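Here is what each chain is made of, one letter per residue.
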Protein chains: 2
Amino acid sequence: MIKKEIQLKVPATVANLVCGFDILGMAIHEPYDEMELRLLSDPIIKIKHLDDFGLPEKAEKNVVGVVLRKIMEHTQMKQGFEVIIKKNIKPGSGLGSSAASAAGAAFGANVLLGKPFSYPQLVYFAIYGEELASGTRHADNIAPCIYGGITLVKSSRPLDIIPLTSPDLLVTAVHPQVEIKTSDARQILKNKIPLKDAVTQWGNIAGLITGILKNDVDLIGRSLNDVVIEPTRSILIPKFSEIKEKSILEGALGGGISGSGPSIFMLSKKKETAEKIAKIMCEEYRKIGVRQYVYVSKINQQGITIL
Amino acid sequence: MIKKEIQLKVPATVANLVCGFDILGMAIHEPYDEMELRLLSDPIIKIKHLDDFGLPEKAEKNVVGVVLRKIMEHTQMKQGFEVIIKKNIKPGSGLGSSAASAAGAAFGANVLLGKPFSYPQLVYFAIYGEELASGTRHADNIAPCIYGGITLVKSSRPLDIIPLTSPDLLVTAVHPQVEIKTSDARQILKNKIPLKDAVTQWGNIAGLITGILKNDVDLIGRSLNDVVIEPTRSILIPKFSEIKEKSILEGALGGGISGSGPSIFMLSKKKETAEKIAKIMCEEYRKIGVRQYVYVSKINQQGITIL
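Residues numbered from 1 in each chain as written. Chains lettered and ligands numbered in written order. Predicted model: local features only at pLDDT ≥ 70, side-chain atom pairs only at ≥ 80, totals over all residues. Heavy atoms only, no water.

Colleague: Sorry, what's going on with the overall build of chain A here?
Modeller: Each helix and strand counted, chain A has ten helices and twelve strands in total. For 307 residues, the compact-globule formula gives about 19 Å, and the C-alpha radius of gyration of chain A, at 19 Å, lands near that figure. C-alpha extents for chain A along the principal axes are approximately 55 × 40 × 35 Å. Looking at chain A residue by residue over its 307 residues, the buried ones come to 60%. Considering only residue pairs separated by 6 or more positions, chain A has 74% of its internal contacts joining residues 24 or more positions apart. Total accessible area computed for chain A in this model is approximately 12600 Å², and 50% of it derives from carbon and sulfur atoms. Charged side chains in chain A number 38 positive and 32 negative. The centres of these two groups are separated by 1 Å. (Helix = DSSP H or I, 4+ residues; strand = E, 2+ residues; numbered from the N terminus. Rg over C-alpha atoms; globule rule 2.2 N^0.38 Å. Buried < 20%, exposed > 50% of the residue type's maximum accessible area, 1.4 Å probe, protein only. Contact = heavy atoms within 4.5 Å. Areas by Shrake-Rupley, 256 points an atom, 1.4 Å probe, with all protein chains shown as cover. Lys, Arg positive; Asp, Glu negative; His and termini not counted. Charge placed at Lys NZ, Arg CZ, Asp CG, Glu CD.)

Structural data, given as structure tokens:
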């Protein structure tokens, strides 16, 4: 049966996962966007935002609209979509805000159309939304948003996504209210890196993947080191090193920058540890008068869910 | 019961495994060295080579001697060792010849002493042999020789070795009789690599590890790409690209340079494919009048075995 209307819970995502720059991503439970999609009898796209982030509602300027338009072109459908969005994932947070909109649009449309598309196809459509938002065609937030858990984007062209089984870990994420543009975070990166550092990095990636697939939490902890991106990008994030150091002292397995920042995330085995880390994060930002949102949740194994 | 005498079959190994430069290695069945070790009542080391590779038999100049000396120092033992070696893994082949001597020495001594050491400790001792042979302290051949199968050397300092389950694949390896010094093969590498290439490489490594652990042979095939080392090093190996191209056309999953060359290896699902690839390798080198040894065997899950 084809549904005419659907309500979705679309989760935030953490891209990069410390050493997995541009290839790994993970869905979390908090924060999440709420989306409502319904089929319209005319081939038009109506978008309404219930949040106050000031995002454009014109279809061709909105991530959701661009993704839906691609799907409408592809299917040559005669109908259209109405979408009502309440975003809780703040744009520019580094928690996959644009990816949530893009993935939610593709996922929701697929359900309303009777599921003609596979997950890789949904990612393919959603990437057009990321392109509008950030200028780059990347899938490292979209993939975990749609698949849930931790995903590997082995390559972007051709698109090759591999869902990984995810360990049952807690994630603490903090979004300090400072602005870092994705383009700045990209520009600060060096075009060339020492081969020696690359070898260290891929040793850690290999260790992290093995730890995830074997559910070896200690190995995950030993592998959460980024010698390539973090040393440069963390400069842009106030209190990064203090938070990381104190979190690990408190028992975090490790963590780092979420996406291109400014959000920071930490992984823990126990809920108590994750909550203590949340406190540390709040305290550090209060000290310097920076407002912050903190989220504690498990790794989200489901990804987008239908309400 | 402590044995007084032991005979070992010590296998060749393939380091790097295409995209896993400096971190991955794999044991194969052919070729292998034969080693005989026995305890002596005096704290001396006697080494005798039954092969004709002209390796020094003085303990301090022989890989085996250096490893045994380390173990003798560590245990403060009053006894010594006599070792008779018939090497079949040619030095300089890129098939882990020095690693086999070093690993065999450590493994054999451990058995003769009643197994006081763990596998990581054996790797630690054997690395001194690699250092003598090549000037670098690397474990990517030693680890699979001792553990068997495919191993990940997540980091060399501190030593962190993770054995991976290995898929049941066939390996075809060819050793063309041309000389490439490990030091030359190192020198030709660039000190810095583009970040873009590093991301492609670690995507492939993550895919390869996932393929190995999930026994997903197609994913292994899709991940066997090296954009960092192979484009430079393969220049030193005659007929490399012809052999690789024809092998893949014949059905190989993929392959590349074994260690720092000149040996080349290819992975296949079926024995017939592996044997056809052996023929291709022979033909290509015959065309240019280069003598070659070709080996077809499964991935060696056991590593060193006691006869």
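Colleague: Would you mind going over unusual backbone geometry with me for this structure?
Modeller: Negative phi is the rule for most residues except glycine; trans is the rule for most peptide bonds. Residue and element names in this part refer to chain B. Residue Pro 31 is bonded to the preceding Glu 30 through a cis peptide linkage, with omega at -5°. Residue placement: Pro 31 occurs in strand 2 (residues 24-40). Each neighbour pair has its own omega, and for Arg 157 with Pro 158 the value is 0°, a cis peptide bond. Look at Asp 22: it is not a glycine, yet its phi comes out positive at around 70°. With phi around 50°, Asn 215 is a residue other than glycine that occupies positive phi space.

Colleague: Where do I start with the relation of the copies chain A and chain B in this structure?
Modeller: Both copies of the chain are related by a screw-like operation: a rotation about an axis and a shift along it. Superposing chain A onto chain B takes a rotation of 180° plus a shift of 0.0 Å along the axis, which leaves an RMSD of 0.0 Å. The superposition operator between the copies reduces to a two-fold rotation axis. The overlap is high: 100% of the interface residues of chain A also sit at the interface in chain B, so the same surface is used on both sides. (Least-squares fit on C-alpha atoms with pLDDT ≥ 70 in both.)

Colleague: What am I meant to see in the pairing of strand 6 (residues 160-164) of chain B here?
Modeller: Put simply, side chains in a regular strand alternate between the two faces of the sheet. All names here are of chain B. Judged by how many residues are buried, strand 6 sits mostly within the fold: four of five residues are covered. For strand 5 (residues 150-155) and strand 6, the ladder comprises five bridges, and the chain directions are antiparallel. Opposite Ile 150, over in strand 6, you have Leu 164 as the bridge partner. Between strand 5 and strand 6, which follow one another and run antiparallel, lie four residues. (Pairing = 2+ DSSP bridges.)

Colleague: Could you clarify how one ought to interpret the side chain of Ser166(B) in this entry?
Modeller: Residues and elements named next belong to chain B. Within the element layout of this structure, Ser 166 appears in the loop between strand 6 and strand 7 (170-176). Looking at Ser 166, its side chain comes within polar contact range of the main-chain nitrogen of Ile 150, at 2.8 Å. If we skip the residues at most four places from it in the chain, Ser 166 touches Gly 149, Ile 150, Ile 299 and Gln 301. (Polar contact = N/O pair within 3.5 Å; in protein donor to acceptor, adjacent residues only side chain to side chain.)

Colleague: Help me understand the pattern of salt bridges in this model?
Modeller: Two side chains of opposite charge can pair, provided their charged atoms sit close to one another. Applying the stated criterion to the full structure yields 32 salt bridges over all chains. In this structure, the salt-bridge partner of Lys246(A) is Glu284(A), at a minimum N-O distance of 2.7 Å. Here the residue Lys246(A) occupies a position in helix 9 (residues 240-249), and Glu284(A) occupies one in helix 10 (residues 271-287), the gap between them amounting to 38 residues. For Lys246(A), a relative accessible area of 36% translates into the label partly exposed. The closest approach of N and O atoms between Glu36(B) and Arg38(B), which form a salt bridge, is 2.6 Å. The network of salt bridges with common partners includes Glu5(A), Glu36(A), Arg38(A) and Glu82(A). (Salt bridge = Lys/Arg side-chain N within 4 Å of Asp/Glu carboxyl O.)

Colleague: Would you take a moment to explain the sheet that holds strand 10 (residues 264-268) of chain A for this structure?
Modeller: Think of a sheet as strands paired side by side through backbone hydrogen bonds, with each pair either parallel or antiparallel. Residues and elements named next belong to chain A. Taken in spatial order, the four strands make up an open sheet running 9-10-7-11, and their pairing is antiparallel. If you trace the sheet from one side to the other, it starts and ends with strand 9 (254-257) and strand 11 (292-298), each paired once. Neighbour to neighbour, the strand axes of the sheet diverge by 15° on average, direction disregarded. The pairing of strand 9 with strand 10 spans four bridges and is antiparallel. What sits directly across from Gly 255, in strand 10, is Met 266. Strands strand 7 (170-176), strand 10 and strand 11 of the sheet are contacted by helix 10, whose axis makes an angle of about 10° with strand 7. (Axes fitted to C-alpha atoms, helices over the stretch in contact; angles between N-to-C directions.)

Colleague: What is the right way to read a positive patch on the surface from this model?
Modeller: On the surface, Lys190(A), Lys192(A), Lys190(B) and Lys192(B) cluster together to form a positively charged patch. The topology assignment puts Lys190(A) in the loop between helix 5 (182-187) and strand 8 (192-194). (Patch = residues over 30% accessible without salt bridge, like charges linked within 9 Å, V, L, I, M, F, W, Y side chains within 5 Å.)

Colleague: Please clarify how the packing of helix 6 (residues 195-214) of chain A against helix 6 (residues 195-214) of chain B should be interpreted in this entry.
Modeller: Helix-helix packing: each pair is described by the crossing angle between the helix axes and the interaxial distance. Closest axis-to-axis distance for the helix 6 of chain A/helix 6 of chain B pair is 9 Å, and the angle between their directions is 30°. Here helix 6 of chain A is positioned roughly parallel relative to helix 6 of chain B, judged by the angle of their axes. Relative to helix 6 of chain B, helix 6 of chain A is oriented so that their crossing is right-handed. For the pair helix 6 of chain A and helix 6 of chain B, contact is made by Gln201(A), Trp202(A), Ile205(A), Ala206(A), Ile209(A), Thr210(A), Leu213(A) and Lys214(A) and by Gln201(B), Trp202(B), Ile205(B), Ala206(B), Ile209(B), Thr210(B), Leu213(B) and Lys214(B), respectively. Across the contact of helix 6 of chain A with helix 6 of chain B, the residue classes break down as ten nonpolar, four polar and two charged. (Parallel < 35°, antiparallel > 145°, perpendicular 65-115°, else oblique. Left-handed = near helix turned anticlockwise from the far one by under 90°. Nonpolar A, V, L, I, M, F, W, Y, C, P; charged D, E, K, R; others polar.)

Colleague: Would you mind showing me how to read the packing of aromatic side chains here?
Modeller: One pair of aromatic rings is described through two measures. These are the centre distance and the angle between the planes. Overall, the coordinates contain eight aromatic pairs over all chains when judged by the stated rule. Relative to Tyr128(A), the ring of Tyr124(A) lies with its centre 5.7 Å away and its plane at 85°, an arrangement referred to as edge-to-face. Note that Tyr124(A) and Tyr128(A) are positioned in helix 3 (residues 119-134) at a spacing of four residues, about one turn of the helix. For Tyr128(A), a relative accessible area of 18% translates into the label buried. With centroids separated by 5.1 Å and ring planes inclined at 85°, the aromatic side chains of Tyr119(B) and Tyr147(B) adopt a geometry described as edge-to-face. (Phe/Tyr/Trp six-rings, centres within 6.5 Å; stacked < 30°, edge-to-face > 60°.)

Colleague: Can you walk me through the sheet that holds strand 9 (residues 254-257) of chain B in this structure?
Modeller: Residues and elements named next belong to chain B. Read from one edge to the other, the open sheet built from four strands follows the order 9-10-7-11, with strand pairing classed as antiparallel. Bordering the open sheet on either side are strand 9 and strand 11 (292-298), each of which pairs with just one other strand. When the angles between neighbouring strand axes are averaged without regard to direction, this sheet yields 15°. Across the face of the sheet, helix 10 (residues 271-287) comes into contact with strand 7, strand 10 (264-268) and strand 11 while running at roughly 10° to strand 7.

Colleague: I would appreciate a short explanation of the interface of chain A and chain B in the present structure.
Modeller: By a widely used convention, the size of an interface equals the accessible area lost when the partners come together. Across the contact, 35 residues belong to chain A and 35 residues belong to chain B. For the chain A and chain B pair, buried surface summed over both sides reaches about 2800 Å², with 71% attributable to carbon and sulfur atoms. When the buried surface of chain A facing chain B is broken down by residue, Lys154(A), Leu195(A) and Trp202(A) rank first, second and third, together holding 26% of it. Where chain A touches chain B, the interface holds two salt bridges. Between Arg222(A) and Asp160(B) there is a salt bridge; the shortest N-O distance is 2.6 Å. (Buried area = accessible area lost by both parts, 1.4 Å probe.)

Any link to function would need more than the numbers given here.
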